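Take a look at the letters that make up each chain.
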Amino acid sequence: MFRKLTIGIALLLTCFVCLHLYCGVQIRQLILKTLISNESENLELPIFKVKPLVIWAIDFHATPAYDLMMFLKPMGVTFIYRNYDKERTRCATKDNCNSSDTLKAVVPANLINLNYEDIPRFYQAYKDDPVMNSVDAFVCYHLVSLCELYEPFNKSLIIIATLRYEYGRFGKERWTTWNRNLIKYASQPWNVVGANNLYDAEYIKYFTGIQPQHLPNWGNYTNQTYNASRSGFLIPHCPSEKFRKLFLKNFTQICKNVKCSVKLMYVRQKYPHYKYSDVAAHQGMVYVPYQVSVMSFFEQYRMNIPIFAPTRELLAQWEIEHNVMYRKRFSFSYGHESNRSDIESHLSQRQVPDPNSFSEEAIRYWGKFCDYYQYPHITYYDSIENLIRVLQSISTEQLRNISAQMKLFNIEENKRLRKIWKNNLLKIADHSINHPH
């Protein structure tokens, strides 16, 4: 059955390539729907049909763990989930604002900079709790160091960095202790150590020698897809107001000089509280990055929205001249500006430049790991002038073709990620005394 399905999908893909050249958008979309239907039949069959696998999650960002919960649900996984994100606009879109919920023995706000004395207190408070006893694994996304709290339970740890993994463990002594623990966790086959982006995977490797799994977020909970029903391109969230204003000022001036008709708007000015349907309705997203990876990128890519991003050379230039990627260094963000990390690299990484250095060598080396350079069908611009030419000349048909290609990639990416997660979940189930099956 599976072999026939695979052959059928291959034939459909071949037909799609031919029709891409000679047929209209409607026929291509029909083929895509067939592909998606066939893929979902194979991929979303539950692994745990009788007894679900249960995951406990406490997160300080509304999206990553929520996304994993939605992704794993069809596979027979349930979550006990608390979100303490202070950014209400993020959790409001997912209806998962739980900041008022309490925990036994610990104050949620104190978990970021965890006091190690809280670990045994938390364990004693929950070791006989019936809900906790039903748990098979703990997941830690934002922040990953929170998994130290769960070590005494001897359950699987799912550690997936969405930002620099030392968050909450600043300073040489705490960071070194966290490294020792993380290396220990990674050596145990029932645990998962990964990152949702390649930059953080390489960053963990640089300081620990661990090779984390690259586990991108799926981000398909939006229930929206690209439709280009409204004119204009949007710039996603960009915390650096100074650079955003400079970018838009230069864009507007150059556009005026060449008499272009392109509309480019900052998403929060156009929609102070935007819906996913709002961004899916515009012609595309123009990235002016401030961080190596952001959840909105996954959301927009899974909605098949055409994305325009600066070339690696241009982003490096902006970082050197304007420090646009200031959010990638926690030492700088928290007022401890330094041109090097608080700890040394792993012995295996001594030839690699320090990721927290402001040197041009480090900026150019580490820039290649940003999300914007890992995915196909992204359009790159090497200057504002070039961006204007691209946006001015690109047709609706070209935008729809890009979107269709993104959709095809997402089908294959969904299959790839489900295979990886199936393998991870089976190892977790094998370790659990609850025997999910």
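Preceding this section is the structure that the text describes.
Here the structure is a predicted model, which is why all the values come from computation and not from measurement.

Participant: Got a minute to help me understand the overall build of the chain in this structure?
Facilitator: Across its full length, the chain holds 17 helices and 11 strands. Buried positions account for 54% of the 437 residues belonging to the chain. Within the chain, residue pairs in contact and separated by at least 24 positions form 71% of the contacts whose partners lie at least 6 positions apart. Accessible surface computed for the chain: about 19900 Å², of which carbon and sulfur atoms make up 53%.

Participant: Just checking my understanding: could you explain the sheet that holds strand 5 (residues 192–195) for this structure?
Facilitator: Hydrogen bonds between backbone groups are what pair the strands of a sheet, and the pairing can be parallel or antiparallel. The parallel open sheet is built from six strands, whose spatial order is 2-1-3-4-5-6. Looking at which strands have only one partner, the edges of the open sheet turn out to be strand 2 (77–83) and strand 6 (213–214). Pairing of strand 5 with strand 6 involves two bridges; the strand directions are parallel. Across the sheet, the residue bridging to Ala-195 is His-214, located in strand 6. Helix 17 (residues 396–431) rests against strand 1 (53–59), strand 2, strand 3 (137–140), strand 4 (156–161), strand 5 and strand 6 of the sheet, and its axis sits at about 150 degrees to strand 4.

Participant: Got a minute to help me understand the state of the cysteines in this structure?
Facilitator: Among covalent bonds in proteins, the disulfide is the one between the sulfur atoms of two cysteines. This model, assessed by the stated rule, comprises two disulfides. Two residues share a disulfide in this structure: Cys-140 and Cys-147, whose sulfurs sit 2.2 Å from each other. The disulfide joining Cys-140 to Cys-147 has a torsion of about 100 degrees about its S-S bond and is therefore right-handed. Note on Cys-147: relative accessible area 0%, which makes it buried. In this model Cys-255 forms its disulfide with Cys-260; the gap between the sulfur atoms is 1.6 Å. Every disulfide takes its handedness from the sign of the S-S torsion; for Cys-255 and Cys-260 that torsion is -95 degrees, giving left-handed. Across the pair, Cys-260 and Cys-255 agree in class, each one buried.

Participant: Could you clarify how one ought to interpret the packing of helix 7 (residues 172–186) against helix 8 (residues 198–208) in this entry?
Facilitator: Any two packed helices are characterised by how steeply their axes cross, that is the angle between the axes, and by the distance between the axes. Contact geometry for helix 7 and helix 8: axes closest at 10 Å, N-to-C directions at 105 degrees. One element, helix 7, and the other, helix 8, form an angle in the roughly perpendicular class. Residues Trp-175, Asn-179, Leu-182 and Ile-183 of helix 7 touch helix 8, and the partners they reach there are Tyr-203, Ile-204, Phe-207 and Thr-208. Per-class residue counts for the contact of helix 7 with helix 8 are six nonpolar, two polar and no charged.

Participant: I'm lost on the environment of Ile-394 in this one. Help?
Facilitator: With respect to the helices, strands and loops of the structure, Ile-394 is situated in the loop between helix 16 (384–393) and helix 17. Judged by relative accessible area, Ile-394 falls into the buried class, the value being 17%. When near neighbours in sequence (up to four residues on either side) are disregarded, Ile-394 contacts Phe-233, Phe-308, Leu-399 and Ile-402.

Participant: Is there a simple way to think about the side chain of Arg-164 in this case?
Facilitator: By secondary structure assignment, the location of Arg-164 is in the loop between strand 4 and helix 7. Taking the relative accessible area as the measure of exposure, Arg-164 reaches 1% and is therefore buried. A polar contact is formed between the side chain of Arg-164 and the side chain of Gln-291, at a distance of 3.1 Å. Every residue in contact with Arg-164, bar those within four places of it in the chain, is listed here: Tyr-199, Asp-200, Tyr-203, Gln-291, Val-292, Arg-327, Lys-328 and Phe-330.

Participant: In this structure, what is going on with unusual backbone geometry? I would like to understand it.
Facilitator: Glycine aside, the phi torsion of most residues is negative, and most peptide linkages are trans. Of note in this structure, Ala-228 is not a glycine but carries a positive phi near 50 degrees. Mapped onto the elements, Ala-228 comes out in the loop between strand 6 and strand 7 (233–235). Relative accessible area serves as the criterion here: at 21%, Ala-228 is assigned to the partly exposed category. With a phi angle near 55 degrees, Asn-323 is a residue other than glycine that sits in the positive phi range. Tracing the backbone through its elements, the reader meets Asn-323 in the loop between helix 13 (312–322) and helix 14 (330–333). Judged by relative accessible area, Asn-323 falls into the partly exposed class, the value being 21%.

Participant: Whenever I open this one, the packing of aromatic side chains confuses me. Can you help?
Facilitator: For any pair of aromatic rings, the description consists of the separation of the ring centres together with the inter-plane angle of the planes. One pass over the full model with this rule turns up 43 aromatic pairs. Measuring from centroid to centroid gives 6.5 Å for Phe-298 and Tyr-375, while their planes differ by 80 degrees, and the two rings are edge-to-face. Taken together, the residues Phe-298 in helix 12 (residues 295–302) and Tyr-375 in the loop between helix 15 (360–367) and strand 11 (379–381) connect sequence positions 77 residues apart. Comparing Phe-298 with Tyr-375, the two get one shared label, buried. Through successive ring pairs, a cluster of aromatic residues spans Tyr-165, Trp-175, Tyr-199, Tyr-203, Tyr-206, Phe-207, Tyr-365, Trp-366 and Phe-369. In this arrangement the basic side chain of Lys-104 is found over the ring face of Tyr-126, its NZ or CZ atom lying 5.1 Å from the centre. Across from the ring centre of Phe-358, 4.2 Å away, lies the NZ or CZ of Arg-329, which sits over that ring.

Participant: Would you take a moment to explain the nonpolar core for this structure?
Facilitator: In globular proteins that are soluble, nonpolar side chains generally tend to be buried together. Trp-56, Leu-72, Tyr-150 and Phe-247 are the most contacted members of the largest nonpolar core, which totals 133 residues. The element contributing the most residues to this core is helix 17, with eight residues.

What counts and what doesn't
Residues numbered from 1 in each chain as written. Predicted model: local features only at pLDDT ≥ 70, side-chain atom pairs only at ≥ 80, totals over all residues. Heavy atoms only, no water. Helix = DSSP H or I, 4+ residues; strand = E, 2+ residues; numbered from the N terminus. Buried < 20%, exposed > 50% of the residue type's maximum accessible area, 1.4 Å probe, protein only. Contact = heavy atoms within 4.5 Å. Areas by Shrake-Rupley, 256 points an atom, 1.4 Å probe, with all protein chains shown as cover. Pairing = 2+ DSSP bridges. Axes fitted to C-alpha atoms, helices over the stretch in contact; angles between N-to-C directions. Disulfide = S-S within 2.5 Å. Parallel < 35°, antiparallel > 145°, perpendicular 65-115°, else oblique. Nonpolar A, V, L, I, M, F, W, Y, C, P; charged D, E, K, R; others polar. Polar contact = N/O pair within 3.5 Å; in protein donor to acceptor, adjacent residues only side chain to side chain. Phe/Tyr/Trp six-rings, centres within 6.5 Å; stacked < 30°, edge-to-face > 60°. Lys NZ or Arg CZ within 6 Å of the ring centre and 35° of its normal. Core = buried A, V, L, I, M, F, W, Y, C linked by side-chain atoms within 4.5 Å.

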